[in-house]
Amino acid sequence: VYYSRITTLVWGAVCTACAFLVGTISPTVIESINMIGSVFYGPVLATFALGIFTRTATGSGVILGLGAGIALNLALWMCFPAVSWLWWNVTGCLCTYGLGIMVSMIQGKVLCRDSSLVFDFSRGWYTRLTCGTPEHRRCVMLIIYFVLIVGVSWVIGRW
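The following refers to the structure shown. All of these numbers come straight from a predicted model, not from anything done at the bench.

The rules behind the values
- Residues numbered from 1 in each chain as written.
- Predicted model: local features only at pLDDT ≥ 70, side-chain atom pairs only at ≥ 80, totals over all residues.
- Heavy atoms only, no water.
- Helix = DSSP H or I, 4+ residues; strand = E, 2+ residues; numbered from the N terminus.
- Buried < 20%, exposed > 50% of the residue type's maximum accessible area, 1.4 Å probe, protein only.
- Contact = heavy atoms within 4.5 Å.
- Areas by Shrake-Rupley, 256 points an atom, 1.4 Å probe, with all protein chains shown as cover.
- Phe/Tyr/Trp six-rings, centres within 6.5 Å; stacked < 30°, edge-to-face > 60°.
- Core = buried A, V, L, I, M, F, W, Y, C linked by side-chain atoms within 4.5 Å.
- Patch = residues over 30% accessible without salt bridge, like charges linked within 9 Å, V, L, I, M, F, W, Y side chains within 5 Å.
- Salt bridge = Lys/Arg side-chain N within 4 Å of Asp/Glu carboxyl O.
- Expected span 1.5 Å × (residues − 1).
- Bend = angle between axes of the 7 residues up to and from the residue.

### Topic: the overall build of the protein chain
Phase 1 of the analysis: Across its full length, the protein chain carries five helices and two strands.
Phase 2 of the analysis: Relative to its 159 residues, the protein chain shows a buried fraction of 23%.
Phase 3 of the analysis: Nonlocal contacts in the protein chain, meaning residues at least 24 apart in sequence, comprise 62% of its contacts between residues at least 6 apart.
Phase 4 of the analysis: Approximately 11,200 Å² of the protein chain is accessible, and the part contributed by carbon and sulfur atoms is 75%.

Take a look at the structure:
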């Protein structure tokens, strides 16, 4: 109970400090929320992508990549204001994914099989993915979902 009270006190102080600083981030509250969220969205996406699309990523590689992606986005925010906050999603995602794979390679996980890079999706993306398996259905659903999102975005953009 003691530690939960201390944690609550610290978190309340952080939230109060952020409330005072939020007025200086951007002209609107929505933009401020999106800017703060964009620091984390790309790295979190890459963390899930490493977990879903690779079997070779290690926990320490993913955590190190996540920290580096967030740190890169914070550095872009503080040191390079010319880079739009919309790009932080991309930079954080690429940094997290790339560093997660590199650290996993250094730790000895094998990423190459038969001289080709395999994004191992439940026992092999290119080699053992057969129709009718749960992995195949999941892959098809992800592709359909991606195409649907791109299509809806295009229609809304034209509208």
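After presenting the structure, the write-up continues.
### Observations concerning the packing of aromatic side chains
Phase 1 of the analysis: Evaluation of the coordinates by the stated rule reveals two aromatic pairs.
Phase 2 of the analysis: Taking the centre distance of 5.6 Å and the plane angle of 70° together, the rings of tyrosine 2 and tyrosine 3 count as edge-to-face.
Phase 3 of the analysis: The class for tyrosine 3 is exposed, based on a relative accessible area of 66%.
Phase 4 of the analysis: Seen in terms of ring centroids, tryptophan 77 and tryptophan 88 are 5.3 Å apart; in terms of plane orientation they differ by 35°. Their pairing is tilted. Residue tryptophan 77 is located in helix α3 (residues 59-79), and its partner tryptophan 88 is located in helix α4 (residues 88-106); the two are separated by eleven residues in the primary sequence.
Phase 5 of the analysis: Classification of tryptophan 77 by relative accessible area gives partly exposed; the value is 22%.
Phase 6 of the analysis: Relative accessible area serves as the criterion here: at 2%, tryptophan 88 is assigned to the buried category.

### Let's talk about the nonpolar core
Phase 1 of the analysis: With six residues, the main nonpolar core is built from Met35, Val39, Ile70, Leu76, Trp85 and Trp88.
Phase 2 of the analysis: Setting aside residues up to four positions removed in sequence, tryptophan 85 forms contacts with Glu31, Asn34, Met35 and Ser38.

### Regarding a nonpolar patch on the surface
Phase 1 of the analysis: Side chains of Val22, Ile36, Phe40, Tyr41, Val44, Phe48, Ile52 and Leu142 sit close together on the surface and give an oily, nonpolar patch of about 690 Å² of accessible area.
Phase 2 of the analysis: Ranked by residues supplied to the nonpolar patch, first place goes to helix α2 (residues 29-53) with six residues.
Phase 3 of the analysis: Position of phenylalanine 48 among the secondary structure elements: in helix α2.

### Things to note about α2
Phase 1 of the analysis: Taking 1.5 Å as the rise per residue, α2 with 25 residues should run 36 Å; its terminal C-alpha atoms sit 35 Å apart, in good agreement.
Phase 2 of the analysis: Where α2 bends most, at serine 38, the angle is about 40°.
Phase 3 of the analysis: Listed in full, the buried residues belonging to α2 are Ser32, Met35, Gly37, Ser38, Val39, Gly42, Pro43, Ala46, Ala49 and Leu50.
Phase 4 of the analysis: Among the structural elements, α3 and α4 are those in contact with the buried residues of α2.

### As for the environment of serine 32
Phase 1 of the analysis: If you trace the backbone, serine 32 turns up in helix α2.
Phase 2 of the analysis: Setting aside anything within four residues of it in sequence, one finds serine 32 in contact with Val22, Ile25 and Ser26.

### Remarks on the environment of valine 62
Phase 1 of the analysis: Along the chain, the position of valine 62 falls in helix α3.
Phase 2 of the analysis: Using a relative accessible area of 14% as the deciding quantity, one classes valine 62 as buried.
Phase 3 of the analysis: Taking the C-alpha atoms as reference points, valine 62 and isoleucine 101, 39 residues apart in sequence, are found 7.9 Å from one another.
Phase 4 of the analysis: Setting aside residues no more than four positions away along its own chain, valine 62 makes contact with Thr47, Leu50, Ala57 and Gly100.

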